[in-house]
Amino acid sequence: MALRIPSRCFPGPLHVGNKSSHWAWQGLLAYPCHNVVIVVEPTSAQVVQTLEHDKCVVTKVEWAREYFHHSLADPYSLSLASADTSGKIVIWNARDATVKAECFESSKPIVDMKWLANEGATRDLLAVLHPTSTLVIWNADTGAKVWKKTFSEPLLGFSLDPFNNTDLAILSHDCLFFLDDFSGMKPPSKAPKKFYVSGGGGSKKATSALRKVRQQLVGEPKKSSDVNSISLSDCLQMMHSPSCRHHLFLVYPREILILDLQIHQTVGSITMERNGSSFQQIVAARQRDLLYCLHENGCISVRTRRRHPPASRSQLSSSPPQSTQSQTNFDVIYDLRCQSDPLRLSKQNRAVQMSLDPIFERTLSLLLIDGRLLFWHLLSSKRPYSSPTQPSSLSSTSSSLSTPLPPVFGGSVSSFADQMLQSPLPPTSTSQNWIPPLLPNNCGSSSTAQFGLSDLFSSLSLPCDRTEGESVQVILKMVMGGLLESCCSPPLCLKMCPPLTTKNWNVYKPHLAAGTSTGVVQIFDLHSSSLYKEFTIHTCSIRGIEWLDLSTFLTYAFVGSSLGKNEVKMTRVSTGQVSVLRDCKEEEAPIESIQVSHLKQYFLILIKDKPVELWDVSSLNVLREIRVEGRVTAMTWSPAHGHQRRVAAGSASSSKDAKIPSKEHFVLVDSIGFLCHYVADGSGSCREASKVAVEGGLSTVTALAWKNDNLVLGDVDGQLGFWQLKGKMARTISTYRSTVKKIKFAPGKGNLMIFVLYANGNLDVIDPDSGQALSSVKPSREGFNVQDVEWAASDKPVMACSNGCLIVSHYSREKLSDLTPIVSLQQSSSGGGGGDEYFNPRILLPKANFFLKTLLQHQSWNSHYELDLTKMFGDEETMDVIPRTAYHHIQSLDSSIKEFLMNPRFGTAERCLLIAKLFGDEFEAYFWEVALFYLLHEKIKRNDPNYKSYLDAELVNPSSDIFRPERGSNESGSGDGGGDKSTIDEEATTAKEKENVELIAAQIKKEGIPVLDTCYDLLLPRRDLQRLELHRLALHDTKRVTYEHTQKCAEKMIYLKQTDRAVQLLLETASENEQHYYTDALRACLVATIRSSGVSQSTIKLVATNLIANGKLSEGVQLLTLIDKGLDASRYLQTYGEWNEAAFLAKSTLNERECAEVFSRWADHLASPSINQKASALLLFLSLGLFSRVLEMLYSMRWFDMAALFAEVCLDLKVVDETAPETTALIEAIFLEYARFQLTVDNKAAAKYYSLKAGINGSQLMKTVSSEIN
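Rules behind the numbers
Residues numbered from 1 in each chain as written. Predicted model: local features only at pLDDT ≥ 70, side-chain atom pairs only at ≥ 80, totals over all residues. Heavy atoms only, no water. Phe/Tyr/Trp six-rings, centres within 6.5 Å; stacked < 30°, edge-to-face > 60°. Helix = DSSP H or I, 4+ residues; strand = E, 2+ residues; numbered from the N terminus. Buried < 20%, exposed > 50% of the residue type's maximum accessible area, 1.4 Å probe, protein only. Disulfide = S-S within 2.5 Å. Pairing = 2+ DSSP bridges. Axes fitted to C-alpha atoms, helices over the stretch in contact; angles between N-to-C directions. Patch = residues over 30% accessible without salt bridge, like charges linked within 9 Å, V, L, I, M, F, W, Y side chains within 5 Å. Areas by Shrake-Rupley, 256 points an atom, 1.4 Å probe, with all protein chains shown as cover. Salt bridge = Lys/Arg side-chain N within 4 Å of Asp/Glu carboxyl O. Core = buried A, V, L, I, M, F, W, Y, C linked by side-chain atoms within 4.5 Å. Contact = heavy atoms within 4.5 Å.

**Considering the packing of aromatic side chains**
How two aromatic rings sit relative to each other is given by the distance of their centres and the angle of their planes.
Next up, step 1: On inspection of all chains with the given rule, the structure shows 38 aromatic pairs.
Next up, step 2: An angle of 85° between the planes, with centres 6.1 Å apart, marks the rings of Trp-23 and Phe-375 as edge-to-face. Separated by 352 residues along the polypeptide, Trp-23 in strand β2 (residues 22–23) and Phe-375 in strand β29 (residues 373–384) bring together distant segments of the chain. Judged on exposure class, the residue Trp-23 and its partner Phe-375 are both buried.
Next up, step 3: Here Tyr-1234 and Phe-1237 contribute two aromatic rings whose centre-to-centre distance is 6.0 Å and whose plane-to-plane angle is 15°, an arrangement assigned as stacked.

**Digging into the state of the cysteines**
Next up, step 1: Under the defined criterion, the tally for this structure stands at 0 disulfides.
Next up, step 2: Free cysteine: Cys-299, not disulfide-bonded; nearest cysteine sulfur from Cys-338 at 9.2 Å.

**Re the sheet that holds strand β57 (residues 786–793)**
Next up, step 1: Here we have 4 strands laid out as an open sheet, ordered β1-β59-β58-β57, and antiparallel in their pairing. Edge positions in the sheet fall to β1 (8–10) and β57, since each has one partner strand and no second. For this sheet, the mean angle separating the axes of adjacent strands, direction not counted, is 15°.
Next up, step 2: Two elements, β57 and strand β58 (residues 796–801), share 6 bridges in a ladder whose sense is antiparallel. Its bridge partner being in β58, Val-786 is matched across the sheet by Cys-801.

**Examining a nonpolar patch on the surface**
Next up, step 1: A contiguous nonpolar patch, built from Tyr-1077, Tyr-1078 and Leu-1082 and spanning about 350 Å² of accessible area, is present on the exposed surface.
Next up, step 2: Summarising the element assignment, Tyr-1078 is placed in helix α17 (residues 1077–1089).
Next up, step 3: On the accessibility criterion, Tyr-1078 (58% relative accessible area) is exposed.

**Looking at the sheet that holds strand β54 (residues 754–758)**
Next up, step 1: Overall, antiparallel pairing links the 4 strands, which are arranged β53-β54-β55-β56 in an open sheet. In the strand order of this sheet, the two ends are held by β53 (740–745) and β56 (772–777), each with one partner. The sheet shows a mean angle of 20° between the axes of neighbouring strands, direction not considered.
Next up, step 2: Both β54 and strand β55 (residues 763–767) contribute to a ladder of 4 bridges, which runs antiparallel. When the bridges of β55 are listed, Phe-755 appears paired with Val-765.

**Details of the pattern of salt bridges**
Any two side chains of opposite charge can pair if their charged atoms end up close together.
Next up, step 1: One pass over the full model with this rule turns up 48 salt bridges.
Next up, step 2: The partner of Arg-1023 in a salt bridge is Asp-1024, and the shortest N-O contact between them spans 3.4 Å.
Next up, step 3: Accessibility expressed as a relative area gives 13% for Arg-1023, which makes it buried.
Next up, step 4: Residue classification places Asp-1024 among the buried residues on the basis of a relative accessible area of 6%.
Next up, step 5: In this structure, Lys-1253 engages Glu-1208 in a salt bridge whose closest nitrogen and oxygen atoms are separated by 3.9 Å. Taken together, the residues Lys-1253 in the loop between α27 (1244–1252) and α28 (1258–1269) and Glu-1208 in helix α25 (residues 1200–1213) connect sequence positions 45 residues apart.
Next up, step 6: With relative accessibility at 30%, the residue Lys-1253 sits in the partly exposed group.
Next up, step 7: By relative accessible area, which is 4% here, Glu-1208 ends up buried.
Next up, step 8: In the salt-bridge network here, residues are joined through shared partners; they are Arg-582, Glu-588, Lys-610 and Glu-613.

**Quick word on the nonpolar core**
Next up, step 1: Membership of the largest hydrophobic core comes to 161 residues, with the highest contact counts inside it found for Leu-856, Phe-927, Trp-928 and Phe-1206.
Next up, step 2: A total of 13 residues in this core trace back to one element, the largest contributor, which is helix α12 (residues 922–943).
Next up, step 3: Setting aside chain neighbours within four positions, we find Leu-856 in contact with Phe-839, Tyr-865, Leu-867, Ile-890, Leu-901, Arg-911, Ile-915 and Phe-919.
Next up, step 4: The next biggest cluster of nonpolar side chains, apart from the first, holds 33 residues, and it includes Cys-9, Ile-369, Ala-746 and Leu-757.

Spelled out as structure tokens, the structure:
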């Protein structure tokens, strides 16, 4: 069976303009190589697609973000944007290798490009920064321009806030622009806010630590005499932190600045040591607060966020710390955990770009300028801390990532810090290197497979399982896990292995040998599109390669200028053994050609100005030297030959079976103009059979090709002569090109197509019958031309290009673009004998894709979950096309993934989470991660006998120093003693609720439930979000510089009930500040003495309402919060469009029922047609535990597959009331639609099962399914 050879580009060294690579949720990696975009499958490290631009160098590639639900109407796709030096942006469908749209604004290369993660109808929006200061939003589906905005200064890049899609940061040469009304549908209406980075530390010059922490963003106007302003032109990169809200990274060669956009200040920095390699790029992880840093020497370092305790009571009660030591203790610090081994990079070789797997965030790719692509994996190992009597031998790069957690903190920041500082430390830890994680990690989940970064860190043992004197330390390590080799220095010569025959079909591999200028020969497998082997044979340029058989080839090289030493060596591919065939003792002219006969019995060596040498392959000896009158200019062997004869065993000539060499024919053309025909008769002799003159107007012949009775000649003037030997006909055509360098017939019986390679790099594929060129390749202006060419298949030439790439293309294409769909490549690979199979469902057709997805997610229609499809659909040979495709894809899954799918610890929800990641479904992965946590959290709460106490309790710690207003008193203040009794009852209720929260948290740790990290921000549980805000507030408090910053801190203190500290901050207003001094003093008195009983509460509420009505929203909300009217305050914030602030206030101050009311209103707002962010609304309902609302919204959005799976999970965990009539009707309607969906994707067994669960309405569908099955 013939092996299919796909059209492909084997990448070589990169162009200096290729500075991009991107690894996205599609599960594929893309990077540019000259004018070609290379698409790589990272798991198997193989090239699966190539896309070509029109000769211009590609500078930027970016995969599309598909943050929406996929269905048969909106299937998975592989959309990719690429931009070149001409300013053209091409939107590709990488699956089918077709162009969807093209965009063009200016003729200069773009500055930056990112896809927008919008919801609703605007899914194909691409934000592009064109030079020098133009931001354009393109509709990537149509190529139309949505809007355009020009800024006043040249721009260097931009970053989208992952927590808020309306916030955009833009980097300029000396300032930062911030937009807070960014939208993909209309240009910003507000003028951008401009800030300058003021202070030291941004430049390469070393500065003191005090100056570093004083860096801040200063708004307009900027004074021309500001000598402390930092130039941003040296900034290499700017990006938002995907794990910590409001944090922005600025990367300089010797330093990384961390800016907090809430307070417009630098809250931390990472400074490179004096002898360390400079920073080049960073990639921030989302699942955990972790940085991957790429250095100029090719090393990758891993840094994790250190969690510092806030200031102590004495520190917070005093003025801002003045000493450098006390202030830097509160900076955001990323500790070095591990680093990869540095690469041995030369001056010509360097690291280009680093990309992170966004799904699991544990694998990185590193692209080098020489074209190699390296894959690094982050691994971990656990070990106990050293005993107290034994000093730890671990360096700082092996610090623990898991340390004892302090108890749950409530109350003021000072009490929070006091309790934190009093917590016990591990035996070898100190208060300086202790790293308490902000959020609780998983505990006791060692049985859970570690696929992603969150699994790695959450699987560490927590203090709840440790005994005294024991603790666990996690050691991180970067190891290389894959390598995609590139072509060495531009290949000079190519040779395809002998063709496929009936005798070698069982061992045949389509191997191509490429020789380089460094003496290296690379063997490529054209079927799997991979580098098979590489040999260093010579020390100089290889001039030619010839195969003797499928496992042996000859190479020849020349050492010298005009005269020197020729080297001819034979290499065995299987062993790598290299043998010298021709020992040149005297200097001579270089070898011009070596030709091996078709039966591989002989080969000819042509040396300039010397006789042609005829060699015997079996003995590797010279049989004869052939002399002609002139100089031989071309030669070739005839494909016609006699059959080899065997000598029977026991005969006089042999004791066993042996082959007798048969006759073979070859022709030589000399410089005089004669074509000489010779016959090698097999006995070691060679005779001249005939000699004819070359006529037809041809001059000196430089190339020959012979097939059947057709002989083609090419001369120095670019003319081609076609001879038909049997018909004795000859004709000559002129190509009007340069000297013919090489001619060769295509393989295959009856295939007479030829390629003609010219000395100037032109290439033509010609039909000899018509003499017309079917396709041509011409040298480009950038110096691109063809160095050598071979036939890879009967219809595909493979070209060695001057840019270092090898290109396999169909000869009928006018361009070299690869137009092979990836799906056909996978099918050919799974057919056997090809490259490594890989799991990427996006390459499948939509119906097969969703059939595979439903099988992997859940199989409730089967008695047990099964991955062996032969048990469900019969043998592979009898399967239909769709089940067979799914079968091959499942076989390519890793064994650890299969094991996890068979036995997920938390059932269907956890399996759906992994399947969403494997399918590259970004939204579904977020949905199931949030759903898994809150579903299991709800199950634990429902099993708790004190569950009802959660509904009316508050989370704030009553034992703190916060003044708690009295409840239960009447409006007139009458009822002596009533307030005290209410306070006692409330404290008892809240203490009981706090105890229950602790029990639930302990149960979550014990069960090993995966927790949500800071990347989910407002979706976090109230307990975790409050701890996060207390930590952030303590940091902001130590960074106060301006009056506005102090007021923001005071406002947050009031929201979080830290009234004592808020009073201190208000009283810090200087008397020189006449505008605010008196007002702040009165506010401090009000905060310190406020009571909620009687007329005072009504008065304060009236004043707050009037303030809000007159534009003093913040002041009015603070007053309402002080009198425990947090629900009213949140409603006012929502009314005025401050949805995020209202959500923060609700989770910080309200009980569960009131918080649910605020978030429900926010979710309804997001789901409204005017906003159309239903995906975000779904996550909010999940965080509230309103699972019935989630089912209703999923059904209304027609996301029936997610709705059915979510309904089954809720029923299994018993977190919805299935006895309620409205719930039963909703679930039956969901199952009915899901049964129809299963029938659409040809899963009839599942359709039958869900139609039975759909009640009465499913009976008709059940009949349809049964009839189709029968």
